Amino acid sequence: MTEAVASSVPRGVWITLEGGDGSGKTTQAALLEQWLHAQGRTVVRTREPGGTEVGVLVRDIVLHHRGDVAPRAEALLYAADRAHHVATLVRPALERGDIVLQDRYLDSSVAYQGAGRVLDAGEVRELSLWATEGALPDLTVLLDLDPATARTRLDAADKPFDRLEAEAAEFHARVRAAFLELAAAEPDRFVVLDASLPVDDLAAAIRARVAALL
Ligand code: TYD
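Residues numbered from 1 in each chain as written. Predicted model: local features only at pLDDT ≥ 70, side-chain atom pairs only at ≥ 80, totals over all residues. Heavy atoms only, no water.

Draft legend 1. Structural context of the environment of aspartate 155. Mapped onto the elements, aspartate 155 comes out in helix α7 (residues 147-157). Judged by relative accessible area, which is 47%, aspartate 155 ranks as partly exposed. When the C-alpha positions of aspartate 155 and glycine 22 are compared, they lie 9.4 Å apart, and in sequence the two are 133 residues distant. (Helix = DSSP H or I, 4+ residues; strand = E, 2+ residues; numbered from the N terminus. Buried < 20%, exposed > 50% of the residue type's maximum accessible area, 1.4 Å probe, protein only.)

Draft legend 2. Inspection of the layout of surface pockets at higher detail. Estimates place the volume of the largest pocket at around 950 Å³. The wall of the largest pocket is formed by 39 residues, among which Asp21, Lys25, Thr26, Arg104 and Glu165 lie closest to the centre. It is helix α2 (residues 25-38) that provides the largest number of residues to the lining of the largest pocket, a total of five residues. Taken together, the residues of the lining of the largest pocket break down into 15 nonpolar, 11 polar and 13 charged. Of the voids in this model, the second largest pocket is the one considered here, and its volume is about 250 Å³. (1 Å grid on protein atoms, 1.4 Å probe; cavity = no way out; pocket = protein on both sides within 12 Å on 5 of 7 lines; lining within 4 Å. Points joined across faces, edges and corners; volume = space filled by probe spheres on them. Nonpolar A, V, L, I, M, F, W, Y, C, P; charged D, E, K, R; others polar.)

Draft legend 3. Molecular detail of the side chain of glutamine 102. Tracing the sequence through the fold places glutamine 102 in strand β3 (residues 99-103). Not counting chain neighbours up to four residues away, the residues in contact with glutamine 102 comprise Trp14, Ile15, Thr16, Leu17, Thr46, Arg47, Glu48, His85 and Val90. (Contact = heavy atoms within 4.5 Å.)

Draft legend 4. Representation of the nonpolar core in the model. Core analysis: the largest hydrophobic core is formed by 21 residues, its most contacted members being Ile15, Leu36, Val141, Ile206 and Val210. Considering each element in turn, this core owes the most residues, four residues, to α2. Within the second largest apolar cluster, 18 residues are counted, among which are Ala75, Val110, Leu182 and Ala183. (Core = buried A, V, L, I, M, F, W, Y, C linked by side-chain atoms within 4.5 Å.)

Draft legend 5. Summary view of helix α8 (residues 169-185). Over its 17 residues, α8 extends 25 Å from the first C-alpha to the last, a length consistent with the 24 Å expected when each residue adds 1.5 Å. For α8, the full list of buried residues reads Phe171, His172, Val175, Ala178, Phe179, Leu182 and Ala183. Along the long axis of α8, the arc covered by the buried residues comes to 135 degrees, so they all point the same way. Opposite its buried face, α8 presents the exposed residues Ala169, Glu170, Glu181, Ala184 and Ala185, each directed more than 90 degrees away. Where α8 is buried, its residues contact β1 (13-19), α5 (106-116), β4 (139-144), α7 and β5 (190-194). (Expected span 1.5 Å × (residues − 1). Arc of directions from axis to C-beta.)

As far as function goes, none of this settles anything; it's purely spatial.
What follows is the structure, given as structure tokens:
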């Protein structure tokens, strides 16, 4: 299923950024977007959850609901956000030939809802592939960071933690390990970079990988 649909995914370039909370995805996405603009490319910068109006509503539930959300319900909410996002924003942008630069995608569900919430990783992945008719990015940049360092960064940012950020250290350790496993299983799609590098060095490493795709 994945292959057939992926081959119908059109001319643009789809890049996703993945990593734990505090790994610096937002900073790096902004720098990469600036560089792509400087290359004369049209960039659609987006994120999950929350890349569409429907997604903003879903984001509010998954990140800010004050009580428990059952793990399967959480997985379905992220998948619902993803289905709508890919159908209404990502695919149309790729069909126009744009570059889609996206903060988080299905690998986050496999890592957070699979390894983090201890659902079956394969089932979580299949759910997202069903939701998106098998759409997979051209490149996934994994910003890998030790969760203790990430925690220090988040503390320094002095923002209230959302539901996932507030999880225990073991949860974040499982998430990190899961991301690394995903990257090892799909070496052609993923590049793994050390997110403890200075911001500019990391940005240069990302640009080098992206330049090879353009
Ligand atoms: P993010 O937007 O990176 O947070 P911030 O706005 O603080 O930078 O991600 C929001 C949270 O959602 C993050 O803790 C990871 C979680 N998440 C999942 O658990 N599953 C998913 O499928 C996605 C896309 C995100």
